[in-house]
Amino acid sequence: MENVKDGRDQRKDGIRSVWLRPRRTAKGEPPLTLARIVEAAVALLDEEGIERLTMRRLAERLAVVAPSLYWHVDTKDDVIDLAVDAVFGEPPPRAGRAGRWRDDVTAVLTAWRAALLRHPWAAGVPARRRPTIGPNFLAWMEFLQATLVRAGFSGKSLSAATWALYNHVMGSASGEVALDITDEERRTGQEQLRADRDRYPTLAANGYLYDDDWDGSFTTGLEYLLDGLEARLERPA
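Residues numbered from 1 in each chain as written. Predicted model: local features only at pLDDT ≥ 70, side-chain atom pairs only at ≥ 80, totals over all residues. Heavy atoms only, no water.

**Q** Would you take a moment to explain the packing of helix H4 (residues 101-118) against helix H6 (residues 155-178) for this structure?
**A** Packing of H4 against H6 leaves a shortest axis separation of 10 Å and a crossing angle of 30°. Between H4 and H6, the crossing angle belongs to the class labelled roughly parallel. Here the hand of the crossing between H4 and H6 comes out right-handed. Between H4 and H6, the contacting residues are Val 105, Leu 109, Trp 112, Arg 113, Leu 116 and Leu 117 on the first element and Leu 165, Tyr 166, Val 169, Met 170, Ser 172, Ala 173, Glu 176 and Val 177 on the second. For the contact of H4 with H6, the residue count by class is eleven nonpolar, one polar and two charged. (Axes fitted to C-alpha atoms, helices over the stretch in contact; angles between N-to-C directions. Helix = DSSP H or I, 4+ residues; strand = E, 2+ residues; numbered from the N terminus. Parallel < 35°, antiparallel > 145°, perpendicular 65-115°, else oblique. Left-handed = near helix turned anticlockwise from the far one by under 90°. Contact = heavy atoms within 4.5 Å. Nonpolar A, V, L, I, M, F, W, Y, C, P; charged D, E, K, R; others polar.)

Structure, rendered in structure tokens:
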């Protein structure tokens, strides 16, 4: 059951991830299915955000009593883990069809970011303490790493390349959905930077607080990363 103090599962077996625990099965399994729970959870999260998700509110949405949910999940974290994986339910795009490995990486990371932006609550979830290891998400990671292996990465270089790209797409999406600044705050803040240009000359000169071209920054930053990775592959051993 859910720990009422902090919402974290304190199981005696030490296994907190819903993906690593065996599914409960019995003849008396209720008509409420796991698929219905996940569908309702994604809809609730999309509409109201992660802060508003509770087991009681989810049960109300499903027109059941809260204990019915615990046949399938132990905690709210389980629900979130399942919902995040549902966001990645579509298969990775262009899997293996592009002629260049860079094109495949670009395609999958662009689609990855788009999926997170369609479900803004999901962009901040991987920053929690539990790993994202649902089958749908793992299919995307498998495609990414397989593409990098095809390019020539292996061992520690494969791990470093994978997480550099992962951090780029997650940082771009989470930064975009988290930013909450008004036009007046931008204007006033930039005026303050200009007034203090002796201390912050570069920020004042380059419109730091007006820099919100998220799509352009993501695309250009990804090109920089891929240029660096490609140069690494071409470096003599």
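**Q** Honestly, the environment of Tyr 166 in this entry has me stumped. Any pointers?
**A** Here Tyr 166 shows up in helix H6. Once the C-alpha coordinates of Tyr 166 and Trp 112 are considered, the two residues, 54 residues apart in sequence, prove to be 9.7 Å apart.

**Q** Can you help me understand unusual backbone geometry in this one?
**A** Backbone phi values are negative for most residues with the exception of glycine, while trans is the configuration of most peptide bonds. Positive phi, normally seen in glycine, also occurs at Ala 63, with a value near 60°. For Ala 63, the position within the fold is in the loop between helix H2 (55-62) and helix H3 (76-87).

**Q** Teacher, can you tell me more about the environment of Thr 75 here?
**A** Relative to the elements of secondary structure, Thr 75 occurs in the loop between H2 and H3. Given a relative accessible area of 0%, Thr 75 falls into the buried group. For the pair Thr 75 and Thr 54, spaced 21 residues apart in sequence, the C-alpha to C-alpha distance is 9.6 Å. (Buried < 20%, exposed > 50% of the residue type's maximum accessible area, 1.4 Å probe, protein only.)

**Q** Please clarify how the confidence of the model for the protein should be interpreted in this entry.
**A** Residues shown with low pLDDT carry predicted positions that ought not to be read at fine detail. Summarising the model, the protein shows a mean pLDDT of 85, and 86% of its residues fall at 70 or more. This stretch, residues 1-9, has a pLDDT under 50; its non-local contacts, to residues over four places away or in other chains, come to 21 contacts. (pLDDT = per-residue confidence, 0-100.)

**Q** Can you help me understand helix H5 (residues 135-151) in this one?
**A** Structural remark: α-helix, 3.6 residues per turn; residues separated by three or four positions point the same way. Taking 1.5 Å per residue, 17 residues should reach 24 Å; H5 reaches 24 Å between its end C-alpha atoms and fits that length. Buried within H5 are the following residues: Phe 137, Trp 140, Met 141, Phe 143, Leu 144, Thr 147 and Leu 148. Taken end-on, H5 shows its buried residues confined to a sector of 150°, consistent with a single buried face. Opposite the buried face of H5, at more than 90 degrees from it, the exposed residues are Pro 135 and Glu 142. Structurally, H5 contributes buried residues whose contacts are with H3, H4 and H6. (Expected span 1.5 Å × (residues − 1). Arc of directions from axis to C-beta.)

**Q** Help me out: how do you make sense of the nonpolar core in this one?
**A** If you look at soluble globular proteins, the nonpolar side chains tend to sit buried side by side. Counting 54 residues, the largest nonpolar core has Leu 58, Leu 69, Leu 109, Trp 112, Leu 144, Leu 148 and Leu 165 as its most contacted members. Secondary structure elements with two or more residues in this core: helix H1 (34-48), H2, H3, H4, H5, H6 and helix H9 (214-234). Looking at which element gives the most residues to this core, the answer is H1, with eight residues. When sequence neighbours within four positions are dropped, the list of residues in contact with Leu 69 reads Leu 32, Ile 37, Met 55, Leu 58, Ala 59 and Leu 62. (Core = buried A, V, L, I, M, F, W, Y, C linked by side-chain atoms within 4.5 Å.)

**Q** Would you mind showing me how to read H2 here?
**A** The complete set of buried residues in H2 reads Met 55, Leu 58, Ala 59 and Leu 62. In an axial view of H2, the angular spread of the buried residues amounts to 100°, which keeps them on one side of the axis. In H2, the exposed residues that point more than 90 degrees away from the buried face are Arg 56 and Glu 60. Buried positions along H2 lie against H1 and H3. Directly after H2, the chain includes Ala 63, whose backbone phi takes a positive value near 60°.

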